[in-house]
Amino acid sequence: MGTPCHFALFELQPSFNLDLEQLAARYRELARAVHPDRFADASEREQRQALEQSASLNEAYQTLKSPPKRARYLLAMGGRELPLEVTVHDPEFLLQQMELREELEDLQDSADLDGVAVFKRRLKTAQEVLNQSFAACWDDAAQREQAERLMRRMQFLDKLTYEVRQLEERLDD
C-alpha cells in the first residue's frame with residue numbers, strides 16, 4: 001500500500017483553494033487519533049505505525065497549509081518531476097527578485113521598521129495575486145509551464161516573507 005495522497009488523508013478533493021480552518025480542524029482530529037501517547041501500551045509494531053502515521057500526517061498538513069508547497073504538490077501529482085530552482089526561463093522575475101532583495105537590504109541598513117511593514121504588505125498582496133493566478137491555471141495541461149513558473153515565484157516570495165519576519169524580529173529587539 002502506497003502512502004495516501006495528502007488530500008485524501010484529509011478527505012479533500014485535490015484543489016489549490018482550501019478552507020484552511022477546516023484543514024486545521026481535520027488535522028487536529030486526525031492527530032489525536034494517531035498520537036503516539038495513545039499507543040503507549042500497544043505492541044512495538046503498533047507504536048511504530050502510530051509514529052509513522054503521525055509523521056505522515058504532519059508532513060501532509062505542512063504541505064497543504066502552505067500555498068507554495070501546496071502548489072508544488074499539486075503539480076507533482078500531475079506526474080512530472082519538478083526541478084527545485086529554475087528561474088532562468090523567467091528573466092522578468094529574476095530582475096524583480098534582485099530589486100526586492102536590494103530593497104530589503106536597504107530597509108535592513110536603515111533599520112526602517114515602517115518601511116519593513118509597507119514592504120511586507122506589498123509582498124502579501126503579490127502573494128495573493130500569485131495564488132489567484134495559480135488557482136486559475138494549475139489543472140490546465142496547456143498552462144503547465146505557467147503554473148510551474150507561478151509556483152516558483154510563490155516559493156521565492158514565501159522565502160522573502162520569512163526573511164522579512166526575521167528582520168522585523170531583529171529590529172524589534
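Residues numbered from 1 in each chain as written. Predicted model: local features only at pLDDT ≥ 70, side-chain atom pairs only at ≥ 80, totals over all residues. Heavy atoms only, no water.

### Here we look at the packing of helix α2 (residues 20-34) against helix α3 (residues 44-65)
Put simply, α2 and α3 touch, their axes get as near as 10 Å, and they point 170° apart. In this view, α2 runs roughly antiparallel relative to α3, as classed from their interaxial angle. Between α2, through L20, L23, A24, Y27, L30, A31 and V34, and α3, the contact on the second element is made entirely by A50, Q53, S54, L57, N58, Y61, L64 and K65. (Axes fitted to C-alpha atoms, helices over the stretch in contact; angles between N-to-C directions. Helix = DSSP H or I, 4+ residues; strand = E, 2+ residues; numbered from the N terminus. Parallel < 35°, antiparallel > 145°, perpendicular 65-115°, else oblique. Contact = heavy atoms within 4.5 Å.)

### Observations regarding the domain arrangement of the protein
Taken domain by domain, the protein consists of domain 1 (6-65) and domain 2 (91-172). Just the C-alpha atoms count here: the centres of domain 1 and domain 2 sit 30 Å apart. Between domain 1 and domain 2, the residue contacts involve four residues of the former and five residues of the latter. Linking domain 1 with domain 2 are zero salt bridges. For the pair domain 1 and domain 2, the number of links is zero residue pairs in polar contact (both at pLDDT 80 or more). Tallied by class, residues from the side of domain 1 that touches domain 2 come to two nonpolar, two polar and no charged. (Domains from an automatic or database assignment. Salt bridge = Lys/Arg side-chain N within 4 Å of Asp/Glu carboxyl O. Polar contact = N/O pair within 3.5 Å; in protein donor to acceptor, adjacent residues only side chain to side chain. Nonpolar A, V, L, I, M, F, W, Y, C, P; charged D, E, K, R; others polar.)

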